[in-house]
Amino acid sequence: TFMRVGDKEALEGFDAMSLASPVAQEMLKSRYLSPTPDRSYLESLPDGSLGREFERYLADNGLDADLLRESAFIEAHRERGEEVGYLAERGFQLHDLFHVLTGYDTTPLGEVRVVSFTVAQTPAPYPAMIIASRPLQMVLYRPELLPAVMDAITEGWALGRRAKPLIDVEWEEYWECPVSELREEYGLA
């Protein structure tokens, strides 16, 4: 709902930050979007490779590779502009892959870490709202969890700021590469 009725100036501010990034400008030249991953191919790859670990992540978590590719949030972003919509769509394509690259799991705290990592790399309203709302939820409903949530936010944010930009990489070209080497190369180790 916020994406459709939120404060127009705030949303424009997020858009301006995202579009001002040199990484975003390079992405907008090619507008690369990946096809749905071939899960049987990914499963055939060696253990430790990006593709095999991505397939394992999807299988272990009972996830459909197209789930986030079909998010209603993509259309909400696109309504604010084709460029913003493209960046959002590519970001949604990469969310689950970021779990594999960062090593963050799909527990609630793992999700907070990945979302914080993502916002540190590429400002966007939806993940920023998640980061902003989790501490409030803890204060109101589970105050004993506030330190753990704040640690998760801080950890993801710090890694996102330290690491090389991930969103502009065509990761689907690296399925056969060892995750450990990619983590080292991109400052995720």
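Our subject is the structure listed above.
All values derive from a computational prediction rather than experimental measurement.

Rules and cut-offs
- Residues numbered from 1 in each chain as written.
- Predicted model: local features only at pLDDT ≥ 70, side-chain atom pairs only at ≥ 80, totals over all residues.
- Heavy atoms only, no water.
- Phe/Tyr/Trp six-rings, centres within 6.5 Å; stacked < 30°, edge-to-face > 60°.
- Helix = DSSP H or I, 4+ residues; strand = E, 2+ residues; numbered from the N terminus.
- Buried < 20%, exposed > 50% of the residue type's maximum accessible area, 1.4 Å probe, protein only.
- Lys NZ or Arg CZ within 6 Å of the ring centre and 35° of its normal.
- Axes fitted to C-alpha atoms, helices over the stretch in contact; angles between N-to-C directions.
- Parallel < 35°, antiparallel > 145°, perpendicular 65-115°, else oblique.
- Contact = heavy atoms within 4.5 Å.
- Nonpolar A, V, L, I, M, F, W, Y, C, P; charged D, E, K, R; others polar.

Trainee: Provide a residue-level description of the packing of aromatic side chains, including the pertinent values.
Mentor: Within this structure, the stated rule accounts for 5 aromatic pairs. On the basis of an interplanar angle of 15° and a centroid distance of 6.4 Å, the ring pair of Phe54 and Tyr57 is categorised as stacked. Within this pair, Phe54 and its partner Tyr57 are both found in helix H5 (residues 50-60), separated by 3 residues, close to a single helical turn. Each member of the pair, Phe54 as well as Tyr57, carries the same accessibility label: buried. Here a set of aromatic residues connected by ring pairs shows up, and it is made of Phe54, Tyr57 and Trp175. Over the ring of Tyr186 we find Lys164, and its NZ or CZ is 5.8 Å from the ring centre.

Trainee: I'd love a proper account of unusual backbone geometry, names of residues and values included.
Mentor: Even without being glycine, Arg31 reaches a positive phi, approximately 50°. Within the secondary structure, Arg31 sits in the loop between helix H3 (22-30) and helix H4 (39-44). Note on Arg31: relative accessible area 34%, which makes it partly exposed.

Trainee: Outline the packing of helix H7 (residues 82-102) against helix H8 (residues 108-121), listing residues and values.
Mentor: The interhelical angle for the contact between H7 and H8, taken along N-to-C directions, is 100°, at an axis separation of 10 Å. Between H7 and H8, the interaxial angle falls into the category roughly perpendicular. Only Gly110, Glu111, Val114, Val115, Phe117 and Thr118 of H8 make contact with H7, whose side of the interface consists of His95, Phe98, His99 and Thr102. Class assignment for the residues of the contact of H7 with H8 results in 4 nonpolar, 5 polar and 1 charged.

Trainee: Can you lay out H5 for me, pointing to particular residues and giving the numbers?
Mentor: Along H5, the residues that are buried comprise Leu50, Gly51, Arg52, Phe54, Glu55, Tyr57 and Leu58. In this structure, the buried side of H5 is in contact with H4, H7 and helix H11 (179-185). Downstream of H5 by one or two residues, Gly62 has phi in the positive range, about 60°.

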